[in-house]
Amino acid sequence: MENYRDEIFTLDDFDFEGKTVLLRVDINSPLDPKSGRILDDHRIQSHIETIRRLNDSKLIIIAHQSRPGKNDYTTLEPHAERLSKILRKEVKYVDGLFDTHVLEKIRDMKKGDILLLENARFFAEETYLKGEEDLNKHENTHIVKKLSPEVDFHVHDAFAAAHRAQPTLVGFANVVPSIAGKVMERELENLNKVFTLDVSPKVAFLGGMKADDSIEVARHMLEKGVVDKILTGGVIGNIFLMASGYDLGDGNRKFLESELTNYKKIVDEADNILDRWPEKIDVPVDVVLNVKGERNGIPLKDLPSEYPVFDIGLDTITEYRKKIDKASLVVLNGPAGAFEIEAFSIGTREIFKAIALSDAYSIIGGGHSTAVLDKLDLEGEIDHISTGGGSCINFLTGKELEGVQALRRSGEVFKKR
Ligand code: 3PG
């Protein structure tokens, strides 16, 4: 979308004073699995501008944390505390989404109040309709039917989840004006530059845990010619190694099988991608094993191993660095390994540093990647740090995100033009 402001409502289009606004944010954050403490609040911080912009409304905030079954899938109570601290203003938390006690709280709100609802994914409807593009289905959920009569506007600021068709993200578009928040605006504006910059080579680094998303992204990027080269690390790197015929060992295979519901399909897809574009995919040339907490780098010929792969090796870092140095545009999504553990953070650190030091137009996505940039003090060196992981990369493949489609639809319904 060349000029999104022509089709999508922004915060400049309305006066929110005294109005009830339902603000969908993405404050899905890395948490300490034991204490539940928020380890990195970049995503929370990113929405502060939008929240402040809406300070004279009655502001209801809705969000999710992780996915059912994951160990960081939990309540949003700590997020409310963190928001209060940052805003220096009380953000009330309520343990529900649309139950009577929640609706009563909403009706009692005064101008300037902020209320954070519970993790939307605690409610089956939110994820049940995942991927369903028909807005009427989202609109017919209890989430939307119960909340929409209470609100005047829906603000979509959750760019990081904008590739998900879920009721809290897309279901309000036909019912009340659905408006892009400041994060959404900034992301659309900056990421769009990737298509308008006429440069080559363009290189992508795909890493992290979300191999199901990454594999889709790799295929789309190569099919649409968005990038010239894809470098792989993290779980997706391991998947490509397996698809290339390397046996990582029983433990590693079992880990991937348990982490990825459609493991077999992902490996087959990786195999197919390697067949179609063998010269465009780089897989690690060496890996680092976690041997009782110690870093142990091995060449691929020493596989399989009984120890888990936790990082890319030094030769891989050198190879990848060369490609990044020559690039005119680099997009990174996700870390190269288990960067949270010091001993296994080298691959991630070195790749991030290479990107920061290169002259390429640099875009970093991956949600949790910002924690790494912060730690390395490299934030100022990157052209655009996206709050999105999957959404950022999906955007870059040229696909219109479901959330952006819904915003456009709302613009049509409520006569933006
Ligand atoms: C993210 O962290 O990428 C977003 O919050 C979306 O989360 P999801 O991939 O679990 O839908």
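Analysis parameters
- Residues numbered from 1 in each chain as written.
- Predicted model: local features only at pLDDT ≥ 70, side-chain atom pairs only at ≥ 80, totals over all residues.
- Heavy atoms only, no water.
- Domains from an automatic or database assignment.
- Salt bridge = Lys/Arg side-chain N within 4 Å of Asp/Glu carboxyl O.
- Polar contact = N/O pair within 3.5 Å; in protein donor to acceptor, adjacent residues only side chain to side chain.
- Nonpolar A, V, L, I, M, F, W, Y, C, P; charged D, E, K, R; others polar.
- Near = heavy atom within 4 Å.
- Areas by Shrake-Rupley, 256 points an atom, 1.4 Å probe, with all protein chains shown as cover.
- Helix = DSSP H or I, 4+ residues; strand = E, 2+ residues; numbered from the N terminus.
- Phe/Tyr/Trp six-rings, centres within 6.5 Å; stacked < 30°, edge-to-face > 60°.
- Buried < 20%, exposed > 50% of the residue type's maximum accessible area, 1.4 Å probe, protein only.

A. Just the domain arrangement of the chain, in detail. Per the domain assignment, the segments of the chain are domain 1 (4-186 + 400-414) and domain 2 (197-386). The centre of domain 1, based on its C-alpha atoms, is set 31 Å off from the matching centre of domain 2. Close ionic contact of Asp 213 with Arg 164 constitutes a salt bridge, the shortest N to O distance being 3.3 Å. Linking domain 1 with domain 2 are two residue pairs in polar contact (both at pLDDT 80 or more). For the side of domain 1 that touches domain 2, the residue count by class is two nonpolar, three polar and six charged.

B. Representation of the site of the ligand in the model. Close contacts around the ligand come from Asp 26, Asn 28, Arg 43, His 64, Arg 67, Arg 121, Ala 160, Arg 164 and Lys 210, and that covers them all. Note that an oxygen atom of the ligand is positioned 2.6 Å from one of the side-chain N or O atoms of Arg 164. In isolation the ligand offers 310 Å² of accessible surface; the protein chains occlude 96% of this area.

C. Structural context of the environment of Asn 192. For Asn 192, the position within the fold is in helix H9 (residues 182-196). Sequence separation between Asn 192 and Leu 87 is 105 residues; the distance between their C-alpha atoms is 30 Å.

D. Main features of the packing of aromatic side chains. In total, this model carries nine aromatic pairs according to the counting rule given. Ring geometry for Phe 14 versus Phe 153: centroids 4.8 Å apart, planes at 50 degrees, classification tilted. Separated by 139 residues along the polypeptide, Phe 14 in the loop between strand S1 (9-10) and strand S2 (20-24) and Phe 153 in strand S6 (residues 153-156) bring together distant segments of the chain. By relative accessible area, which is 23% here, Phe 14 ends up partly exposed. Under the relative-accessibility criterion, Phe 153 is labelled buried at 7%. Ring centres of Phe 159 and Phe 395 lie 6.5 Å apart, and the angle between their planes is 65 degrees; this geometry places the pair in the edge-to-face category. A residue pair is termed long-range when its members are at least 10 positions apart, and Phe 159 in the loop between S6 and helix H8 (167-170) and Phe 395 in helix H17 (residues 390-396) qualify at 236 residues. Since its relative accessible area comes to 0%, Phe 159 is described here as buried. Here the aromatic residues Phe 9, Phe 14, Phe 16 and Phe 153 are joined through ring pairs into a cluster of three or more.

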